[in-house]
Amino acid sequence: MTSQEALFNYNLRLGDTSLILAQRLSEWTGHGPFLEEDLALTNIALDIFGRGKALLEYAAKTEGKGRTEDDLAFFRNDREYFNALITEQPNGDYAKTIVRQALIDCFDLAFYSELSKSKDETLAGIAAKSIKEITYHKRHSFSWVNRFGNGTEESFNRLQNGLNEIWPYAGELFEMNEVDALLIKEGIAVDLSMLKANWEKEISQLLAKANLVAPEGTYVQTGSRKGLHGEHLSYILAEMQSLPRMHPTAKW
Amino acid sequence: MQTKENIFSLLSEIPDPEIPVISIVELGVIRDVTFDEKNIEVKITPTYSGCPAMKQMEDDVRKKLIENGFETVKINTVYTPAWTTDWLSAEAKIKLQKYGIAPPEESTNDKSFLTGKTKNITCPRCKSKNTMMVSQFGSTACKALYKCNDCLEAFDYFKCI
Ligand SMILES: [Zn+2]
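Our subject in this report is the structure included herewith. Remember, predicted model here, so these are calculated numbers, not experimental data. (Residues numbered from 1 in each chain as written. Chains lettered and ligands numbered in written order. Predicted model: local features only at pLDDT ≥ 70, side-chain atom pairs only at ≥ 80, totals over all residues. Heavy atoms only, no water.)

## Some points on empty space enclosed by the protein
Residues and elements named next belong to chain A.
- This structure, assessed with the given rule, holds three cavities of 30 Å³ or more.
- In this structure, the largest cavity encloses a volume near 200 Å³.
- Forming the walls of the largest cavity are 18 residues, and the residues nearest its centre are L14, T17, F107, D108 and F111.
- Every element with two or more residues in the lining of the largest cavity is listed here: α1 (3-26) and α5 (94-115).
- Of the residues forming the lining of the largest cavity, the biggest block, six residues, is contributed by α1. (1 Å grid on protein atoms, 1.4 Å probe; cavity = no way out; pocket = protein on both sides within 12 Å on 5 of 7 lines; lining within 4 Å. Points joined across faces, edges and corners; volume = space filled by probe spheres on them. Helix = DSSP H or I, 4+ residues; strand = E, 2+ residues; numbered from the N terminus.)

Here it is as structure tokens:
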């Protein structure tokens with residue numbers, strides 16, 4: 001694998017993770033539990049879409065085959081997507097969406113803070129921009145975990161159930177392969193193993209505050225680094241890609 | 001041949017598509033221009049990564065420069081340095097307030113915005129400080145939703161990033 005191939009794959013991983021998460025979150029548009037939350041999740045989705053667009057634009061440039069970010073988003077199949085599995089999990093109820101978001105925001109804030117020191121100027125720039133936005137996202141998701149956890153029996157149970165469902169997918173965020181190894185050596189990629197202890201500490205504090213118990217067992221579902229996904233991604237792509245695939249030359 | 005000053009004053013005629021009382025130059029998104037007689041490149045930075053108004057701003061910049069004699073306009077989106085509300089001029093902040101949007105009250109140098117301990121925001125309508133945040137996320141990415149406890153009006157706050 002050349003550095004260029006590694007960087008292309010790394011950019012796809014980051015871009016796809018943002019794109020698919022944003023696509024999932026935007027399913028709440030018009031369906032939020034009340035107006036302010038509807039606006040909040042829509043705004044958060046928009047920030048993450050923007051980040052995904054910038055990252056996929058850079059991926060297309062790194063690949064150097066004349067593809068655009070739209071080509072990458074709309075004309076790749078499941079096996080060519082590298083989004084983290086946690087992002088494609090169904091939204092479930094609002095509690096599940098919020099707890100998924102809290103796990104991801106906690107990871108993302110640490111990750112993009114490190115990436116902003118990357119030797120790759122484009123990645124560092126996109127990361128520096130994202131930190132400001134993720135700070136708001138994390139404050140939002142953490143405060144709702146706290147409220148649901150200390151709310152009613154119903155809100156607590158829904159939050160705990162959501163956590164149980166999403167938990168096995170969180171560990172994959174820290175998985176590294178030969179792409180990471182190569183790019184860490186060049187000072188481009190973030191060494192994910194350095195982020196894990198702090199993430200675990202922050203999340204266990206959050207869970208304790210909300211009276212939640214992390215599920216027993218350490219099973220971690222992986223696959224996305226190799227382009228292996230659950231069936232959920234297929235449905236997301238079918239919906240997201242249907243229009244451009246039907247009219248591939250359309251412009252707007 | 002145009003001067004940089006001329007070009008910035010041309011671009012100052014373009015309003016922010018979402019907050020038309022301030023120009024895109026006052027907003028701080030136009031970072032630089034490089035040009036010769038026929039060709040111009042404009043460096044533009046997004047306020048928020050996903051700000052849907054960016055495309056509109058690019059189209060408006062292109063149109064304005066073509067109308068003023070340039071043959072090719074290249075728009076280059078840059079992410080560094082990241083946009084900050086610190087770039088809003090004092091004048092722009094007054095315009096925002098008159099328009100009914102509370103301007104950012106802190107500088108990003110004090111890190112209170114990171115911890116969520118925001119100052120009491122002044123109601124742009126009655127100037128009361130007795131206000132409360134309804135939601136960190138408002139009608140556009142750059143705004144939060146507040147409510148005045150005195151005049152009871154809801155208002156947008158241009159949040160500090
Ligand atoms: Zn008032």
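Moving on from the model shown.
## Description of the sheet that holds strand β1 (residues 30-35) of chain B
All names here are of chain B.
- Strands sit in the order β1-β2-β3 across an open sheet of three strands; the sheet is mixed. For this open sheet the edge positions go to β1 and β3 (72-77), each flanked by a neighbour on one side alone. This sheet shows a mean twist of 20° between the axes of neighbouring strands, independent of strand direction.
- Examined bridge by bridge, strand β2 (residues 39-44) and β3 share six bridges and lie parallel to one another. Each residue of the ladder has a partner; that of K43, found in β3, is N76.
- Where helix α1 (residues 4-11) meets the sheet, its contacts fall on β1 and β2, and the angle it forms with β1 comes to roughly 130°. (Pairing = 2+ DSSP bridges. Axes fitted to C-alpha atoms, helices over the stretch in contact; angles between N-to-C directions. Contact = heavy atoms within 4.5 Å.)

## Side note on the coordination of the zinc ion
Residue and element names in this part refer to chain B.
- For the zinc ion, the full set of protein donor atoms is C123 (SG), C126 (SG), C148 (SG) and C151 (SG), and the range of their distances to it is 2.3 Å.
- All donors of the zinc ion come from a single chain, and their spacing in sequence reads C-x2-C-x21-C-x2-C.
- According to the relative accessible area criterion, C123 is buried, its value standing at 1%.
- By relative accessible area, which is 34% here, C126 ends up partly exposed. (Donors = N, O, S within 2.8 Å, 3.2 Å for Na, K, Ca; no water. Buried < 20%, exposed > 50% of the residue type's maximum accessible area, 1.4 Å probe, protein only.)

## Examining the sheet that holds strand β4 (residues 101-102) of chain B
Residues and elements named next belong to chain B.
- Strand order across the open sheet formed by four strands is β4-β7-β6-β5, with mixed pairing between neighbours. If you trace the sheet from one side to the other, it starts and ends with β4 and β5 (131-135), each paired once.
- Pairing analysis gives two bridges linking β4 to strand β7 (residues 154-158), with the strands arranged parallel. Note on β7: the bridge partner recorded for A102 is Y157.

## Some remarks on the pairing of β1(B)
All names here are of chain B.
- The sheet contact formed by β1 and β2 spans five bridges and is antiparallel. Residue F35 lies in a different strand from β2, and its bridge partner there is I40.
- Connecting β1 to the next strand, β2, in antiparallel fashion are three residues.

## Digging into the nonpolar core
- Counting 93 residues, the largest nonpolar core has Y10(A), F111(A), L115(A), L123(A), V61(B), L65(B) and F158(B) as its most contacted members.
- In terms of residue count, the dominant contributor to this core is α5(A) (13 residues).
- With residues near it in sequence (within four places) discarded, F111(A) still touches Y10(A), L14(A), V190(A), L192(A) and L195(A).
- One finds F8(A), L72(A), L233(A) and L237(A) within the second-largest nonpolar core, a separate group that totals 15 residues. (Core = buried A, V, L, I, M, F, W, Y, C linked by side-chain atoms within 4.5 Å.)

## Thoughts on the packing of aromatic side chains
- By the definition in use, this model includes twelve aromatic pairs over all chains.
- Between F107(A) and F111(A), the aromatic rings sit 5.6 Å apart at their centres with planes inclined by 10°, giving stacked as the arrangement. With F107(A) and F111(A) both in helix α5 and four residues apart, the pair spans about one turn of that helix. Judged on exposure class, the residue F107(A) and its partner F111(A) are both buried.
- Here F111(A) and Y112(A) contribute two aromatic rings whose centre-to-centre distance is 5.0 Å and whose plane-to-plane angle is 85°, an arrangement assigned as edge-to-face.
- Aromatic ring contacts, followed pair by pair, group F107(A), F111(A), Y112(A), W167(A), F174(A) and W199(A) into a single cluster.
- Of note, R76(A) hangs over the ring of Y81(A), and the distance from its end group to the ring centre comes to 4.2 Å.
- Over the ring of W87(B) we find R31(B), and its NZ or CZ is 3.6 Å from the ring centre. (Phe/Tyr/Trp six-rings, centres within 6.5 Å; stacked < 30°, edge-to-face > 60°. Lys NZ or Arg CZ within 6 Å of the ring centre and 35° of its normal.)

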